[in-house]
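Given next are the chains, with one letter for each unit.
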Amino acid sequence: MAHVRYQLSALLILLNLYACVLVTPDQVQPGPTPDAPTVIILKSSDNSLFDGPVKEFLGATAAQVVVFTVAAAPKDELVTEIRFRKPALLFTLGTPATLLAKENFPDVPVIFAMVVDHSRLKLDAAKNVAGISLEPPATSEFTQFKMVLPEVKRVVAFHTPSSAQMATTAKEQLTGMGIELVAVAVASPAEVGRAYTDNVKPGDTVWQLNDPVLTTQETFEYLKNQTKASRLPFLSSLSEDFAAAGALMAVSVDLTSLGAQAADMARRLLDKSKAPADLGVQPPIGAYLALNLDVAQDIGLHIDDTALQFVNKLLAKTAPVAVAAAPGEKPAEIAAVAEVKPEEKPAEVKPAEVKPEEKPAEEKPAEVKPEEKPTKGKKKGKKGKEVAAKVEEKPAETKVVEAKPEPKPEPKPEPKPEPRKARKGGGVVAFYDPDANLREILKITAWFTDFLHTIDPELKLQPVSNAAALENLVSNQKVEFAVVSAKYLSGKSKKLKLTPLLVPSANGDTFYRTILVVADEKRGKNLAGASIGATVVGGDTASVLKILGGAGINTKGAMIIPVSKDIDALMALTMGQVDAALVTPSSLDVLKTINPAAVASLKKAAETQPVLRAPFCAVGEKGSDVGDVTRAMQAMASHAAGRRAMKTLGFDKWVPYSPAMSK
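Quick look at the structure, then. (Residues numbered from 1 in each chain as written. Predicted model: local features only at pLDDT ≥ 70, side-chain atom pairs only at ≥ 80, totals over all residues. Heavy atoms only, no water.)

**Some points on the pattern of salt bridges**
Scanning the entire structure with this criterion turns up 18 salt bridges. The residue Arg-85 makes a salt bridge to Glu-81 at a minimum N-O spacing of 2.9 Å. Of the two residues, Arg-85 and Glu-81 both sit in helix H3 (residues 75-85), 4 residues apart, roughly one turn of that helix. Of the residues examined, Glu-81 reaches a relative accessible area of 4% and is grouped as buried. Linked by salt bridges that have partners in common, Asp-264, Arg-267, Arg-268, Arg-523 and Asp-579 make up one network. (Salt bridge = Lys/Arg side-chain N within 4 Å of Asp/Glu carboxyl O. Helix = DSSP H or I, 4+ residues; strand = E, 2+ residues; numbered from the N terminus. Buried < 20%, exposed > 50% of the residue type's maximum accessible area, 1.4 Å probe, protein only.)

Pasting the structure below:
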C-alpha cells in the first residue's frame, strides 16, 4: 500500500512539474462552436510586424486560434504544447517559426509567410507546406512602378548565379508588359561597378532585385549614388526601407492583406477543398508602394498628382501627420518612417549555412533594427536624415498695402481688426471617409490645411481612422466642420448633429460607383464561398458584403480579402488568387493602360448602387460664419494646394448639398 502511495505521489509531482513547463500562449481566440478546428499561429519573435497579419487572420477565420512566440519558449516544451493541442493547421510567421513547424509537424498542414527567399529552405519539397512568398512577382511590382513611372521601357538589373532563375522569370514577365529587362550576371558585389558602367545607358531604369548576395549596404549605396548622378530612376524590391534610404520607389508586401490571404488559404485547407500541394507557394496579394519625393526631385522627375492615389506611402523631409484613433487604439501613422522588417532579412549567408535555430545574417540598407517599432512623428536614421511624408508648400503670398502719398495731419491710429473669435473646435475640420485615398491622407492633410489657412490661420484638417475616432474627436474638441462618408451621415447624423453643406463632384457627378470584376464568366453573380479582393478601410468587410448583396450578388460563405488599392485586387484576380474583385471603373481603366495583357480576360459581372461622395458638414449648432466658410470651400479649386488635395481625393469641385442626393 505504501508502495502504491509512493507511486501516486511521484506521479503527482511529475504532473505538477509538467504543468510548470507548459508554454503559455500569447493569445487564445475561441472558435464559433465547440468543435471548431484548432489553428496554431507561430510567430518567430515579438517583432511588431507580425502583429498585423495575426490580427487580420484572427478576424477572418472561423477556427479556434492559439498564438505562440517561438523565441519566448524553449523549443522542446513548445513542440510538446503544440502536439498536446492537436492542431488542424499551423500558420507560421518568419523563418525560425517555419523551420520549427516543418521539422516537427510533418503530418500537419502548414501555411508560412514573411520568410525571405523561401526557396533556400526547400519548403516546396514538403508535401504538407504551403505559403505566401515575401517577394511579389515582377509583373506585380512593375504594375505598381508604372502607375508612377508610366514611360519605363528599359530596365537594368544585376544578379548572381543564386538568383539567375529569378532574373529569367522576371525578364519573361516584363516582356509581356512591353518592358525590356537587361539582366546582368555578376559573381559578387565587387563586380557591380564595372557591370554598371558597361550596361547602364541614358534613359534606363535600374532595378535592385531581391538577390541576397547583392543586397548589401555597399551595393545599395553605389547604385543609389550612381543613379542619382545620372538622374536615373532607381527601383527596389522587398522593403520600403530602401525607398527611405534613397531609392526612388520600393515595393513590398502589404501585411494587412497577407493575414487575410493566409486565412483564406487556411479556410480551403480546413474544409478539405484544397491540399497544401494544390495551393503551393503563392505570391502576396497586396503590394505596398513607397515613393521618395526627395529623390524624384533630385533626378528631375515630375510626378503627376493623379499618380499619388496609387502610392501607399510618400517619403519626404518634413514630419508626418498622425491620424486620430478611438480611445484605446494606437494612432495610425499613415505616412511615417518605414516600419522595420522581419528579423529574417536578405542575407549574404549561403542557403546551406542556415540552421533551424539560426536567423540568416543580413545586410541592411536602412539603419533600422528589428526590435525598433515605428514611432509617431520624426525618426532619424544613422546619417541623421529625417524621413517622413509631408510635402512642403510655398506660403501664401502676403498682400502689400501701399501707403497713401499725402496722409492727413495727426491721423488717428487705424483701428486693428478685431481678432476672429476662436472656433469651438480649436480650428479642426474632421475627415472621415473610409472610401477615400487614406493611404495618401498625409499629403491630402497638408494641402487641405494649407488651403484652410486662407479661411482661418487656425483651421486645420484632422483625419480620423474610424467612426469611433470621429465621435471621440467631436466630443472632446467640439469640432465645427467635418467631411464624413454619406453612409455614416445617414446612420449617425442625429447623434452628432451633422448638417451637410457641400458635396464633392467629379466631372459633374456627385456619386461614385464600384463594379464587380471576375475572370470566370460562368460565375456571374454567384460568389457563394468565393474570395473577393476589395479595398477595405478599418476592417469593415461586412459592409462590402452588404454592398454586393444589394447588387443582387450571392455572397453566402464568401470571404473578403482586404487590399489597400483597387489595383492589388485586380492583379490578384489576374493571378487566380481571388475569384472576384470589387473596384472602381477608373482603376480598371488604369490597369488596362499599364498592363493590358493582364486584364484581357477580366469581365464586369455587376455594378453596385451609386454612392454619394463624402459631404462637407457643419457639426452641432451652425455658427454665424458657416456661409463664409461654405463660399470659401466652393472656391477651393482656385487655390493651388486645395486643387491638389481635391485632385488626389478624386473630385474637382464642391457643389451645394440637396436632400434629394441622399435618396
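This is not the end of the story, as more comes after the structure.
**A short note on the pairing of strand E8 (residues 180-185)**
As judged from the 6 bridges shared by strand E7 (residues 154-159) and E8, these two strands associate in the parallel manner. The residue of E8 that forms the bridge with Val-155 is Leu-181. The handedness of the E7 to E8 crossover, carried by helix H6 (residues 164-175), is right-handed. (Pairing = 2+ DSSP bridges. Right-handed = clockwise from strand over helix to strand, strands pointing away.)

**Here's the deal with the packing of aromatic side chains**
Counted according to the given criterion, the structure contains 11 aromatic pairs. With a centroid separation of 4.9 Å and 20° between ring planes, the pair formed by Phe-57 and Phe-91 is classed as stacked. Highlighted residues: Phe-57 in helix H2 (residues 51-60) and Phe-91 in strand E4 (residues 89-93), separated in sequence by 34 residues. Both residues of the pair, Phe-57 and Phe-91, belong to the buried class. One residue, Arg-83, lies across the ring of Phe-105, its end atom 5.6 Å from the ring centre. (Phe/Tyr/Trp six-rings, centres within 6.5 Å; stacked < 30°, edge-to-face > 60°. Lys NZ or Arg CZ within 6 Å of the ring centre and 35° of its normal.)

**Examining the sheet that holds strand E10 (residues 234-238)**
In spatial order, the strands read E8-E7-E9-E10-E11-E13-E14; together these 7 strands make up an open sheet with mixed pairing. Whereas interior strands pair on both sides, the edge strands pair on one side only; in this sheet they are E8 and strand E14 (313-315). Put simply, the sheet's adjacent strands are angled 20° from each other on average, direction ignored. Here E7 pairs with strand E9 (residues 205-208) via 3 bridges, running parallel. Across the sheet, Ala-157 pairs through a bridge with Trp-207, a residue of E9. (Axes fitted to C-alpha atoms, helices over the stretch in contact; angles between N-to-C directions.)

**A short note on unusual backbone geometry**
Of note, Arg-231 is a non-glycine position whose phi angle comes to about 55°, a positive value. For Arg-231, the position within the fold is in the loop between helix H8 (217-230) and E10. Residue classification places Arg-231 among the partly exposed positions, given a relative accessible area of 49%. Here Lys-497, not a glycine, exhibits a phi torsion of approximately 55°, which is positive. Position of Lys-497 relative to the elements: it lies in the loop between helix H15 (486-496) and strand E18 (498-505).

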